[in-house]
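Chains, contacts and geometry: an overview
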Amino acid sequence: MKRLYYRGELRSCNYHCKYCPFANSFSRRDITNDSITLFRFCHRAIELGVEEVIFTPYGEAMIHTYYWDAMEVLSGLHRIGCQTNLSFDTESFVSQVGNFKEKIGLWCTFHPAQVSIEAFLKKCHYLWDNGIYISTGAVGIPQNLEILRELRLKLNKDIYFWINAKAGYSYNHSEHDAFLKIDPYFQDQFPKANSLLCTAGRTGLYVEADGSAYACHLSRVRLGNIYEELPSGSACKAKTCNCYLAYTHRQDMGKKSVRI
């Protein structure tokens, strides 16, 4: 098994975007429980000999420094990644992970209603210039098109800028073309799930806090538990591969793993 995607007990974020269901405050108990299960997972991932771990939390993980500590635990792996809104202290982070920074990949989401372009760009370029691989992007809300164009223009050209399709929204031809010019891999028409064209469950697994494992984030077919054995399989009941964390596994979807 090459890669494990992990989503723990964290269900909170310091941002409050209207379109996000995880804009919640957190309790000390929540953080304590998340920390315990996170480190249990990290040690198990090492025991299993996986090459890569990607944290995909429901909320913002990187403002909690125990996620930085978890990356240190995993520093012997080939790759360690995390989704983030980039609101954490980037200078302190670089200082802590400096000995293995070339192994880190951050998937950095821009939220126009929560942060300025200037502040976001400053952190992007600081991380990039200090040897941390990042990709950046945003939800493809048509009303934000101009500010997203501006960000793409000002962002280092070597940093990939992705656009996530807004859930439940139907893009017209003009909007689709506009977002495609920002992100050449923009997807708003998603394929039917097809296990024959998918590597999920064989090269990677999605793992929850209790160790339950699934082929990917959309599959609800439980394959087993990583604390018992390393599961494998392509069973899936999803109708479509309608998010990046699903279609990145598809062999028919072009360039893969461009975000982390």
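You'll find the structure just up there.
The text that follows walks through the structure, step by step, so that each part is easy to find. (Residues numbered from 1 in each chain as written. Predicted model: local features only at pLDDT ≥ 70, side-chain atom pairs only at ≥ 80, totals over all residues. Heavy atoms only, no water.)

Quick look at the pairing of strand 5 (residues 79–84) now. In the case of a regular strand, side chains alternate between the two sheet surfaces. The element strand 5 is largely enclosed, with a buried count of six among its six residues. Burial of the side chains of strand 5 extends over both faces: R79, G81 and Q83 are buried on one face and I80, C82 and T84 on the other. As paired elements, strand 3 (residues 52–55) and strand 5 share four bridges and run parallel to each other. Counterpart to V53 in the pairing with strand 5 is I80. Note: strand 5 against strand 6 (residues 104–109), five bridges, orientation parallel. Looking across to strand 6, one finds that Q83 is bridged to W107. (Buried < 20%, exposed > 50% of the residue type's maximum accessible area, 1.4 Å probe, protein only. Helix = DSSP H or I, 4+ residues; strand = E, 2+ residues; numbered from the N terminus. Pairing = 2+ DSSP bridges.)

Of all hydrophobic cores here, the largest spans 61 residues; its most connected members are F41, F55, M71, F93, L106, L127 and I132. The residues touching F55, leaving out its near neighbours within four places in the chain, are Y6, L38, F41, C42, Y67, A70, M71, L74, I80, G81, C82 and Q83. Counting residues in hydrophobic clusters, the runner-up holds 15 residues, among them C216, Y244, L245 and A246. (Core = buried A, V, L, I, M, F, W, Y, C linked by side-chain atoms within 4.5 Å. Contact = heavy atoms within 4.5 Å.)

Moving on to the pattern of salt bridges. This model, assessed by the stated rule, comprises nine salt bridges. Measuring nitrogen to oxygen at the nearest pair gives 4.0 Å for the salt bridge that ties E52 to K2. Taken together, the residues span a long stretch of sequence, with E52 in strand 3 and K2 in the segment before strand 1 (3–7) at a distance of 50 residues. For E52, a relative accessible area of 11% puts it in the buried group. Notably, a salt bridge pairs R44 with E47, separated by 3.1 Å at the nearest N-O pair. Pair noted here: R44 and E47 are both in helix 1 (residues 28–48), with a separation of three residues, about one helical turn. With relative accessibility at 16%, the residue R44 sits in the buried group. Overlapping salt bridges, with partners in common, bring together K2, R3 and E52 in one network. (Salt bridge = Lys/Arg side-chain N within 4 Å of Asp/Glu carboxyl O.)

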